Amino acid sequence: MESLDKKNKGYIEISQMGSLFKATTSLSNSKAHFPMKKVPAAGSSTQNVQNTSGDFCEEREEPMSRTEVLFRTYWRRAWIVLVWLLACLGLFVWKFVQYRHRSGFEVMGYCLSTAKGAAETLKLNMALVLLPVCRNTITWLRKHRPINSVIPFNDNINFHKLIAGGIVVGVILHGGTHLACDFPRISESDKSIFRQTIASGFGYHRPTYAQILATTEVASGIGMVVLMGIAFALATKWPRRRSPVLPVSLRRVTGYNTFWYSHHLFVLVYALLIIHSMFLFLTDKLMEKTTWMYIAFPVLLYAGERIFRAIRSGSYEVDILKASLYPGKVLYLKMQKPEGFKFHSGMYIFIQCPQISPFEWHPFSLTSGPQEDYLSVHIRTLGDWSYQIYDLFQEAVLSRSQGCPKLYIDGPYGSAAQDHVKYDILVLIGLGIGATPFISILKDVVKGVQTTQNDHSGLRQCSLTKGPLKAYLYWVTREPNSFDWFRDVMKEISISTKKQSVVEMHNFLTSVHPEGDIRSALLSVIQALHLAKNGTDIVSRTPIHTHFARPNWFNIFSRLARKHGGAKIGVFYCGPSKLARELKKLCTKFSTKTTTRFVFHKENY
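Bear in mind that the values here come from a model prediction, so they are computed numbers and not experimental data.

Draft legend 1. Looking closely at the overall build of the protein. Helix and strand counts for the protein come out as 21 helices and 15 strands. Residues classed as buried in the protein amount to 49% of the 605 residues present. Within the protein, residue pairs in contact and separated by at least 24 positions form 74% of the contacts whose partners lie at least 6 positions apart. A total of about 30500 Å² of accessible surface is found on the protein, and carbon and sulfur atoms cover 60% of it.

Draft legend 2. Seen up close, the state of the cysteines. This model, assessed by the stated rule, comprises one disulfide. Here Cys111 pairs with Cys181 through a disulfide, and the sulfurs are 1.8 Å apart. Judged by the torsion about the S-S bond (70 degrees), the Cys111/Cys181 disulfide is right-handed. On the criterion of sequence distance, the pair formed by Cys111 in helix H4 (residues 110–128) and Cys181 in helix H7 (residues 156–187) is long-range, its members being 70 residues apart. Take Cys111 and Cys181: they sit in the same class, and that class is buried.

Draft legend 3. Inspection of the UniProt feature "transmembrane region" (unreviewed entry) in the protein at higher detail. Here, the residues flagged by UniProt with the feature "transmembrane region" (unreviewed entry) are residues 78–97, 218–238 and 259–279. Helix makes up 95% of residues 218–238 and strand 0%, whereas the separation of the span's terminal C-alpha atoms amounts to 32 Å. Across residues 259–279 one finds 86% helix and 0% strand; the C-alpha atoms that close the span lie 31 Å apart.

Draft legend 4. Fine view of the packing of aromatic side chains. Counted by the stated rule, this structure contains 26 aromatic pairs. Among the aromatic residues, ring-to-ring pairing joins Phe92, Phe96, Phe105 and Tyr110 into one connected group. Above the face of the Tyr99 ring, Arg102 is positioned so that its terminal group lies 4.6 Å from the ring centre. A cation sits over an aromatic face here: Arg309 above Phe350, 4.9 Å from the ring centre.

Draft legend 5. The arrangement of the packing of H4 against H7 in detail. Contact geometry of H4 with H7 gives a least axis separation of 8 Å together with a crossing angle of 150 degrees. One finds that H4 runs roughly antiparallel with respect to H7. Where H4 crosses over H7, the handedness of that crossing is left-handed. When H4 is examined against H7, the residues Cys111, Leu112, Thr114, Ala115, Ala118, Ala119, Leu122, Asn125, Met126 and Leu128 are found in contact with a partner set consisting of Ile163, Gly166, Ile167, Gly170, Val171, Leu173, His174, Thr177, His178, Cys181, Asp182 and Arg185. Considered class by class, the residues forming the contact of H4 with H7 number 13 nonpolar, seven polar and two charged.

Draft legend 6. Structural context of the confidence of the model for the protein. Counting all residues, the mean pLDDT for the protein is 84, and 89% of those residues have values of 70 or more. Per-element mean pLDDT across the protein ranges from 37 in strand E2 (residues 56–57) up to 95 in H4. Here residues 27–59 scores under 50 on pLDDT; set against residues more than four positions off or in separate chains, the count is 70 contacts. A low-confidence stretch, residues 455–465 stays under pLDDT 50, and its non-local contacts, those more than four residues away or across chains, total 22 contacts.

Draft legend 7. Representation of the sheet that holds strand E5 (residues 330–336) in the model. In space, the three strands of this open sheet follow the order E4-E5-E8, with antiparallel pairing throughout. Sheet topology places strand E4 (320–326) and strand E8 (374–380) at the edges, where each strand pairs with a single neighbour. Direction aside, the axes of adjacent strands within the sheet are offset by 15 degrees on average. Pairing of E4 with E5 involves six bridges; the strand directions are antiparallel. Pairing of Tyr326 across the sheet is with Val330, part of E5.

Draft legend 8. The packing of helix H2 (residues 66–100) against H7, seen in detail. Direction vectors running N to C along H2 and H7 enclose 20 degrees, while the axes themselves pass 12 Å from each other. Taken together, the axes of H2 and H7 are roughly parallel relative to one another. Between H2 and H7 lies a crossing whose hand is right-handed. Residues Ile80, Val81 and Trp84 of H2 touch H7, and the partners they reach there are Phe159, Leu162, Ile163 and Gly166. For the contact of H2 with H7, the class distribution of residues is six nonpolar, one polar and no charged.

Draft legend 9. View of H4. For H4, built from 19 residues, the straight-helix expectation of 27 Å at 1.5 Å per residue is met to within 8% by its first-to-last C-alpha distance of 27 Å. Counting buried residues in H4 gives 16 out of 19 residues, a clear majority hidden from the surface.

Draft legend 10. Just unusual backbone geometry, in detail. In the segment running from Gly411 into Pro412, the intervening peptide bond is cis, with an omega of 5 degrees. When you line up the elements, Pro412 lands in strand E9 (residues 407–413). The phi torsion at Tyr204 lies on the positive side, around 55 degrees, for a residue other than glycine. Positive phi values are uncommon outside glycine, yet Ala549 reaches one of about 75 degrees. By the secondary structure assignment, Ala549 is in the loop between strand E13 (546–548) and helix H20 (553–563).

Draft legend 11. Looking closely at the sheet that holds strand E10 (residues 425–431). Read from one edge of the open sheet, six strands run E13-E12-E11-E10-E14-E15, paired in parallel fashion. With one partner strand each, in any of the chains shown, E13 and strand E15 (597–602) form the two edges of the open sheet. Each strand of the sheet is rotated relative to its neighbour by a mean of 20 degrees, with strand direction disregarded. Sitting on the sheet, helix H18 (residues 487–496) is in contact with strand E11 (470–477) and strand E12 (503–509), with an inclination near 145 degrees to E12.

Draft legend 12. Structural context of the pattern of salt bridges. A full pass over the atoms with the stated rule returns 13 salt bridges. When the shortest N-O distance is used, the salt bridge between Glu120 and Lys95 registers 3.9 Å. Taken together, the residues span a long stretch of sequence, with Glu120 in helix H4 and Lys95 in helix H2 at a distance of 25 residues. Both residues of the pair, Glu120 and Lys95, count as buried. A salt bridge links Asp384 to Arg242, with the nearest nitrogen and oxygen atoms 3.5 Å apart. Residue Asp384 is found in helix H16 (residues 384–399), and its partner Arg242 is found in the loop between helix H11 (237–241) and helix H12 (248–251); the two are separated by 142 residues along the sequence. By relative accessible area, which is 38% here, Asp384 ends up partly exposed. Since its relative accessible area comes to 31%, Arg242 is described here as partly exposed. Connected through salt bridges with shared partners, the residues Lys95, Glu120 and Lys123 form a single ionic network.

What counts and how
- Residues numbered from 1 in each chain as written.
- Predicted model: local features only at pLDDT ≥ 70, side-chain atom pairs only at ≥ 80, totals over all residues.
- Heavy atoms only, no water.
- Helix = DSSP H or I, 4+ residues; strand = E, 2+ residues; numbered from the N terminus.
- Buried < 20%, exposed > 50% of the residue type's maximum accessible area, 1.4 Å probe, protein only.
- Contact = heavy atoms within 4.5 Å.
- Areas by Shrake-Rupley, 256 points an atom, 1.4 Å probe, with all protein chains shown as cover.
- Disulfide = S-S within 2.5 Å.
- UniProt positions renumbered as here; feature names shortened; annotations may be inferred.
- Phe/Tyr/Trp six-rings, centres within 6.5 Å; stacked < 30°, edge-to-face > 60°.
- Lys NZ or Arg CZ within 6 Å of the ring centre and 35° of its normal.
- Axes fitted to C-alpha atoms, helices over the stretch in contact; angles between N-to-C directions.
- Parallel < 35°, antiparallel > 145°, perpendicular 65-115°, else oblique.
- Left-handed = near helix turned anticlockwise from the far one by under 90°.
- Nonpolar A, V, L, I, M, F, W, Y, C, P; charged D, E, K, R; others polar.
- pLDDT = per-residue confidence, 0-100.
- Pairing = 2+ DSSP bridges.
- Expected span 1.5 Å × (residues − 1).
- Salt bridge = Lys/Arg side-chain N within 4 Å of Asp/Glu carboxyl O.

Below is the structure:
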């Protein structure tokens, strides 16, 4: 515009707009959909990448086969699931055969064997279902590399859900067979056969169907099924997220809080399970009442964890150093770091606000770096609790007369993002507030490179303590105001990595038409001029260029594969599951079509 204003009027005429758009169009056509600087990773090259021992790995000459990629991706999950299935099958067959030779078989037949076989799998699954939610234990085990390399701790919640599915199948087989087959056969059995076989278990009185239902064993079993049914139903996706597809009357009584409190019915379930196992009417031998043997260790471990968390969180009352309100109802909290609180980038903490609820704890990713002397989180208002805490801090910030609400924290806990130290190249993809787990990682990468530059050896040794060599952040959001959330962090990272180029950040604004579209041409012109003249993007107000429309993930992966041939790239994603499936397919596709291997991770809390 300045070049067209030859007379220095301070403005251009309408007739000059054609020349302006022609210049803009030719500039846009000369660029790709979005630019990626061809800068090699710090301390590395396109052809050679160091492994975690400091040795260089040779570039693969050929892409991996699809079978090899799938095996490398799923073998940890596969062997865990296989062992679990074999254990369930083995217990079922063992108990099935055992009751095939019991006297009760003459009355109830294979219905009895089926019910007892299913009961044995239920004992195992009721024990296992607690282990994936022992977060402190899992976080501790993650630190041990030999264990972490063979057990997929990132899938702990998925395994918890899988075992819950196994419990549902076991309940249907066990309870359904008893109610529909065993009990009717007992109540209608031949009196002579009844006396010769199982009469002693019923006081030598053949009970009616109603009398069987009234026994302690059956009543406790039905009570367990009802409580588990409530907890299971409210834990499914629609009720937990208060989906609009539910009737209005149901939406009022569902949501995260309902899920949270209903899930604690498990305390009653385990109490009923012990009672149920102690009043079996087909056996009097104490050694055959083995339920307590299965669940003793998991219950004690989980109870110990809850007690430990209660004690630790009681000593982790934090002082609020700063509270800021960002557009989109996002709350930023900068908190004092408790003494002895140590964490790695990518971890998360639980936060409790007694003023809202003394029982609710909600997870949030830490956006502060491990080397910083404070803790920070960004809280997006997406549910009842987050709206309430936003309102409390909004009132405190605006009034300035009263202190901030009291907060307790619990943690830190490990997550999928914590595995970023395993890779030399990182691709971090966040949708909206999903960028939060990656802010501390970017700070850690920058800090690791700065530390390396201060080494007198001059050699970059890639290790678990020094982290990756290169990181790419792709942040996708719909609202331009979202860029305010991490503006200061983005500026700081951009300035500190300007020379090394170890971090590349790309912002995508999906509410604007794609670059090159005539409907966004004027905005593109203003954006390009402002960036060239002032060094900051007019949309994000940071040195990071904002791209319009959704990213073309195929092109992005294609460029990364060409630029880092032979490398092992960790792709970390936080956002909706729909895009996760697409990214996972692309990781598999490019791992089989190129010499670069992409390993996908998704955040699960």
